[in-house]
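For reference, the chains in residue letters:
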Amino acid sequence: MRSATILSALAAALLGLVRAQSTDVPVTGILGNASIVENNPPGIIYTATFPTTQFFNPKDPRGNVKGSISAVANSNGIGVAFSVDFSNLPTSGGPFVYHLHAFPVSADGNCTNTQAHLDPYERGETPACDSTLPQTCQVGDLSGKHGKINTTQVGDHYIANYVDNYPSTFPGIGSFFGNRSLVIHFANKTRITCANFTMASRSVGGTGQNATYTASPTTSAPAQFTGDGTRNAVSMLTLLAITGLAFLW
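Predicted model, so just to flag it, every value in this text is computed and none were measured. (Residues numbered from 1 in each chain as written. Predicted model: local features only at pLDDT ≥ 70, side-chain atom pairs only at ≥ 80, totals over all residues. Heavy atoms only, no water.)

Right, let's talk about the pattern of salt bridges for a bit. Across all of its chains, the model carries two salt bridges by this definition. The partner of lysine 189 in a salt bridge is glutamate 125, with the nearest N and O atoms 3.3 Å apart. Taken together, the residues lysine 189 in the loop between β6 (181-185) and β7 (191-205) and glutamate 125 in the loop between β4 (97-101) and α2 (142-146) connect sequence positions 64 residues apart. The salt bridge involving lysine 145 is made with aspartate 164; its shortest N-O contact spans 2.9 Å. (Salt bridge = Lys/Arg side-chain N within 4 Å of Asp/Glu carboxyl O. Helix = DSSP H or I, 4+ residues; strand = E, 2+ residues; numbered from the N terminus.)

Laid out in structure tokens, this is it:
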């Protein structure tokens, strides 16, 4: 009788936790959906500029992608404003996609060494990102959330500006991208070119238009982080299960 009572209480507690986490939005990551980062330090700018030689075919100037992407946190610390400016993309093989990747480009320029997309919540690439539910996408899937590159003609220029609430400019957490990289892919996922983010400038005095900035490199290793909220919930589930088993014994 005592065992049955304990099991019933344990089941009710577990069910309560599951219900507490349930929403109308599908949960796609093993560690839950992405969380909005609210403590991004404002005034710090990260930029990734593509090299003069692309990774896919260094001897072919067609598609030797030029340009850069820059990012700075909003003044309230919520969301990061991205400015994208790419040109000289290939005239075939699109639409092209681009992502924040988990590791920086190695010294030899090999884009493969950037490994997978930035994905601290362990979502994976499938199913495809639903741009209407950006919290369910990989943190690093910028083109999935904000649009693929559909240039097809020589001289086409791709420019985009948007705010993404899930990547972060706050060092030390898994969604931080300042010591990581950006990779552009063909539609078949072949990597075309890549570049590391560096801290272009940071505020050292004043605010707004009166702020002053100084250059600073980004050299720290990428953080290996997982979604804390879901991890805590999973830990609580595990603790309850262990406690229940202990009572049974």
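Moving on, there is more to tell.
For β4, the buried fraction is high: five of the five residues fall into the buried class. Neither face of β4 is exposed, since Val97, His99 and His101 on one face and Tyr98 and Leu100 on the opposite face are all buried. Pairing of β4 with β6 involves five bridges; the strand directions are antiparallel. Note on β6: the bridge partner recorded for histidine 101 is serine 181. (Buried < 20%, exposed > 50% of the residue type's maximum accessible area, 1.4 Å probe, protein only. Pairing = 2+ DSSP bridges.)

Turning to the packing of aromatic side chains, a few remarks are in order. Inspection of the entire model under this criterion finds ten aromatic pairs. Ring centres 5.2 Å apart and planes at 55 degrees place the aromatic pair phenylalanine 50 and phenylalanine 86 in the tilted group. Of the two residues, phenylalanine 50 is situated in the loop between β1 (45-49) and β2 (66-73) and phenylalanine 86 in strand β3 (residues 80-87); the sequence distance between them amounts to 36 residues. Just as phenylalanine 50 is buried, phenylalanine 86 falls in that class too. Ring geometry for tyrosine 98 against tyrosine 158: centres 6.4 Å apart, planes inclined by 70 degrees, an arrangement best described as edge-to-face. Here tyrosine 158 lies in strand β5 (residues 157-164) and tyrosine 98 lies in strand β4, a separation of 60 residues in the sequence. With respect to class, tyrosine 98 is no different from tyrosine 158; both count as buried. Clustering of aromatic rings is evident, with ring pairs tying together Tyr46, Phe82, Tyr162, Phe176, Phe177 and Phe197. (Phe/Tyr/Trp six-rings, centres within 6.5 Å; stacked < 30°, edge-to-face > 60°.)

Here valine 97 lies in strand β4. According to the relative accessible area criterion, valine 97 is buried, its value standing at 15%. Along the chain, valine 97 and phenylalanine 186 lie 89 residues apart, while their C-alpha atoms are 6.6 Å from each other. If we skip the residues at most four places from it in the chain, valine 97 touches Ser143, Lys148, Val183, Ile184, His185 and Phe186. (Contact = heavy atoms within 4.5 Å.)

Inspection of every chain in the model, using the stated rule, returns two disulfides. In this model cysteine 111 forms its disulfide with cysteine 194; the gap between the sulfur atoms is 2.0 Å. Taking the sign of the S-S torsion, -90 degrees for the link of cysteine 111 and cysteine 194, the bridge is left-handed. Here cysteine 111, found in the loop between β4 and α2, pairs with cysteine 194, found in strand β7; they are 83 residues apart in sequence, far enough to count as distant. Take cysteine 111: its relative accessible area is 1%, and that puts it in the buried class. Through a disulfide, cysteine 129 is tied to cysteine 137; the S-S separation comes to 2.1 Å. Looking along the S-S bond of the cysteine 129-cysteine 137 disulfide, the torsion reads about 75 degrees, which is the right-handed sense. The pair formed by cysteine 129 and cysteine 137 is uniform in burial state, with each residue classed as buried. For the chain, the bonded cysteines connect in the pattern 1-4, 2-3 when numbered consecutively along the sequence. (Disulfide = S-S within 2.5 Å.)

A few words now on the pairing of β6. Residues in a regular strand project their side chains so that they alternate between the two faces of the sheet. Counting buried residues along β6, five of its five residues qualify, which places the element largely inside the surrounding structure. Side chains of β6 alternate between two faces, with Ser181, Val183 and His185 and Leu182 and Ile184 buried alike.

That bond from glycine 94 to proline 95 is cis: its omega, 0 degrees, falls within 30 degrees of zero. For proline 95, the location among the structural elements is in the loop between β3 and β4. In this structure, proline 127 follows threonine 126 across a cis peptide bond, with omega equal to -5 degrees. Turning to its location among the elements, proline 127 is positioned in the loop between β4 and α2. Its identity is not glycine, yet asparagine 88 carries a phi of approximately 60 degrees, on the positive side. Along the chain, the position of asparagine 88 falls in the loop between β3 and β4. Classification of asparagine 88 by relative accessible area gives partly exposed; the value is 26%. One non-glycine residue with positive phi stands out, namely glutamine 115, at about 60 degrees. By secondary structure assignment, the location of glutamine 115 is in the loop between β4 and α2.

Don't take any of this as a statement about function, it's just geometry.
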